[in-house]
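Here are the chains, one letter per residue:
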Amino acid sequence: MSDFDSNPFADPDFNNPFQDPSVTQVTRSAAPGGLEEYNPFTDARTAAPGNAPKSVPAPAQNTQPAIMKPTEEPPAYSQQQTQVFTHKTADQARAQAELLRRQEELEKKAAELDRRERELQSHGVAGRKNNWPPLPEKFPVGPCFYHDIAVDIPIEFQKTVKIMYNLWMFHAGTLFVNMFGCLAWFCVDSSRGVDFGLAMLWFLLFTPCSFVCWYRPLYGAFRSDSSFRFFVFFFVYICQFGVHVLQTIGIADWGTCGWISALTGLNTSVPVGIIMLLIAALFTALSVGSLIMFKKVHALYRTTGASFEKAQQEFATGVMSNKTVQTAAANAAANAASNAARGAFKAHP
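As the structure is a prediction and not an experimental result, all values here were calculated from the model.

> Help me understand the confidence of the model for the chain, please; the structure alone is not making it clear to me.
Note that predicted coordinates carrying low pLDDT should not be read in detail. For the chain, the average pLDDT comes to 77, and 60% of its residues sit at 70 or higher. Helix H5 (residues 155-188) holds the highest mean pLDDT among the elements of the chain, 94, whereas helix H1 (residues 2-5) holds the lowest, 50. Per-residue pLDDT stays below 50 along residues 46-50; that stretch engages in 1 contact with residues further than four places along the chain or on separate chains.

In structure tokens, the structure reads:
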């Protein structure tokens, strides 16, 4: 029956799946070495025996790491950007230096306050006894003021106060020498007795008054940061500077050996005239030093925060807290009230 089922006229390879044209085309183009040696990425075409490709040596491998180059160079800093960066750095340095300076000032002030507190505690009440002027213990008159720059005055103002104290001593010494210069002038010219008398008066009057009227207010102003005492010092010291200028000029019969008086005395006696010229130079130096220190104290005054309004408040507070003023005001008010009551009773009998 199987012989009758087969078709004698059919293609014998019809039912063979490996005879498919697509399969046979692939198998014909495959490498002769077998599937295990087949490389699909190689060229399937075989070269002719005479045209075999020459072997090319493999390039040497580079073991250096790969470095990527930027496509664009970074923009260079311009001159303006460099200047801005420099200015910012300089400003930061100045700000840091200012902070360090302020910190040092605060530390100095704290150390000064601690030192003054220890001084007061060690001395007690007895340590605040008056010690100026330094007089002998057996002298009938005792010291009138307490004067200690190292204890009372802050560190940043001690140098200025010491210079002003030395300037006051220089002023007193100049007046003392001026008195002897006028005495020498009076010895060679008997008509100059008025100058000698006035020279003695100026020495006895200006020496204590200058200490009380402008040096003590300055001392107290720096000690307690008092605006009112600063204004008292400025007012009196301006007047003192005017007196120094007049003494430097040396108007005749005014009791000073200034330049005019020295030239006049030089015509009378050369030695006396030379002495008077030296005294005139001392008055000149005193005037110049007074002007310089006035400007320096005024500059320090502006840094302390003092003002005219604070001076008015201090004056009002000081006047109202004074017991003498309070007693006088109470008595005046009582007298006014009693007088008003008596007038009212007399008007209505």
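Having seen it, we continue.
> Please clarify how the packing of H5 against helix H7 (residues 227-249) should be interpreted in this entry.
Think of two packed helices as two axes; the pair is described by the angle between the axes and how far apart they sit. H7 packs onto H5 with a crossing angle of 35° between their chain directions and a minimal axis gap of 13 Å. Taken as a pair, H5 and H7 cross one another with a handedness that is left-handed. Between H5 and H7, the contacting residues are Met-164, Leu-167, His-171 and Leu-175 on the first element and Phe-233, Tyr-237, Gln-240, His-244 and Gln-247 on the second.

> So what exactly am I meant to see when it comes to the side chain of Asp-152 here?
Take Asp-152: it is sitting in helix H4 (residues 149-152). Here Tyr-219 takes part through its side chain, which lies 2.8 Å from a polar atom of the side chain of Asp-152.

> Explanation requested: helix H8 (residues 259-268) in the structure shown.
For an α-helix, the turn length of 3.6 residues means that residues three or four places apart are oriented alike. Those residues of H8 lying buried are Ser-261, Ala-262 and Gly-265. Buried residues of H8, seen end-on, are gathered within an arc of 100° and therefore sit on one face of the element. Here the buried face of H8 lies against H5 and helix H9 (270-303).

> Could you clarify how one ought to interpret the nonpolar core in this entry?
The tendency in soluble globular proteins is for nonpolar side chains to be buried side by side. Grouped together as the largest cluster of nonpolar side chains are 25 residues, with contacts concentrated most on Met-164, Tyr-215, Phe-222, Phe-233 and Val-297. Contributions of two or more residues to this core are made by H5, helix H6 (193-224), H7 and H9. Ranked by the residues each element gives to this core, the list is headed by H6, at 7 residues. In terms of nonpolar packing, the next biggest core, distinct from the first, is built from 12 residues, Ala-199, Cys-257, Val-272 and Phe-283 among them.

> Help me understand the pattern of salt bridges, please; the structure alone is not making it clear to me.
Note that side chains of opposite charge can pair when their charged atoms are close. Inspection of every chain in the model, using the stated rule, returns 7 salt bridges. Note that Glu-98 and Arg-101 form a salt bridge whose closest N and O atoms lie 2.4 Å from each other. Of this pair, Glu-98 and Arg-101 both sit in helix H3 (residues 79-123), 3 residues apart, which is roughly one turn of that helix. In this structure, Asp-189 and Arg-192 form a salt bridge, with 3.6 Å as the shortest nitrogen-oxygen distance. Here Arg-192 falls in the buried class, since its relative accessible area comes to 14%. Through salt bridges with shared partners, a single network forms among Glu-98, Arg-101, Arg-102 and Glu-105.

About the thresholds
Residues numbered from 1 in each chain as written. Predicted model: local features only at pLDDT ≥ 70, side-chain atom pairs only at ≥ 80, totals over all residues. Heavy atoms only, no water. pLDDT = per-residue confidence, 0-100. Helix = DSSP H or I, 4+ residues; strand = E, 2+ residues; numbered from the N terminus. Contact = heavy atoms within 4.5 Å. Axes fitted to C-alpha atoms, helices over the stretch in contact; angles between N-to-C directions. Left-handed = near helix turned anticlockwise from the far one by under 90°. Polar contact = N/O pair within 3.5 Å; in protein donor to acceptor, adjacent residues only side chain to side chain. Buried < 20%, exposed > 50% of the residue type's maximum accessible area, 1.4 Å probe, protein only. Arc of directions from axis to C-beta. Core = buried A, V, L, I, M, F, W, Y, C linked by side-chain atoms within 4.5 Å. Salt bridge = Lys/Arg side-chain N within 4 Å of Asp/Glu carboxyl O.

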